[in-house]
Amino acid sequence: PAEVAGRAADALLELGGLAAVFTRAELAECRPGPELAGKVCLAYHPERGGDLYLVFKPFWMYELKDNPKGTTHGSPYTYDTHVPLVFVGAPFRAGTYYTAASPADLAVTLAAALGINAPALASGRVLAEALLPGEKANSALRTPRSALP
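Scoring rules and cut-offs
Residues numbered from 1 in each chain as written. Predicted model: local features only at pLDDT ≥ 70, side-chain atom pairs only at ≥ 80, totals over all residues. Heavy atoms only, no water. Phe/Tyr/Trp six-rings, centres within 6.5 Å; stacked < 30°, edge-to-face > 60°. Helix = DSSP H or I, 4+ residues; strand = E, 2+ residues; numbered from the N terminus. Buried < 20%, exposed > 50% of the residue type's maximum accessible area, 1.4 Å probe, protein only. Lys NZ or Arg CZ within 6 Å of the ring centre and 35° of its normal.

**Remarks on the packing of aromatic side chains**
- Taken as a whole and assessed by the stated rule, the structure comprises 4 aromatic pairs.
- Ring geometry for Phe59 against Tyr79: centres 4.2 Å apart, planes inclined by 15°, an arrangement best described as stacked. Taken together, the positions of Phe59 in the loop between strand 2 (52-56) and helix 4 (78-81) and Tyr79 in helix 4 put the pair 20 residues apart, joining distant regions of the chain.
- Judged by relative accessible area, Tyr79 falls into the partly exposed class, the value being 38%.
- Ring centres of Tyr77 and Tyr79 lie 5.9 Å apart, and the angle between their planes is 20°; this geometry places the pair in the stacked category.
- Of the aromatic side chains, those joined through ring pairs into one cluster are Phe59, Tyr77 and Tyr79.
- For the cation-ring pair, Lys57 lies above Trp60, with the distance from its terminal atom to the ring centre recorded as 5.7 Å.

See below:
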């Protein structure tokens, strides 16, 4: 099966429109990171994924005969992966922040704002730059909504 998947990946690349094709075996060995393979690692689930993972060239997508207006989800390119996070409320500092952030940072940041433990399997970082400093944030959380400006 691994040899067949490798040959199929090579044949698909020859068709054009693809930036890369990864086999299940290749994805089993990769590590998350900023390069294309590392980004694909974050999107691939070994129990739910197929034998091949196709990555189209930037701004390319496939077209189905029955649905020529389709869309894709989860390309590794910035135009698909940029997700703005907006925090509103008492524990958050007003502003715009340009530091790197990930959707994985949402759960741990909300947990920090609430003063509770982050989910056990959370892998993000607390976006401390968006939180009010320590006690100020905690006291704002205890302030009744009617007393807030």
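**Brief notes about the environment of Pro91**
- Looking at where Pro91 falls in the secondary structure, it is placed in the loop between helix 4 and helix 5 (105-114).
- Judged by its relative accessible area of 7%, Pro91 falls in the buried class.
- When the C-alpha positions of Pro91 and Ala112 are compared, they lie 9.5 Å apart, and in sequence the two are 21 residues distant.

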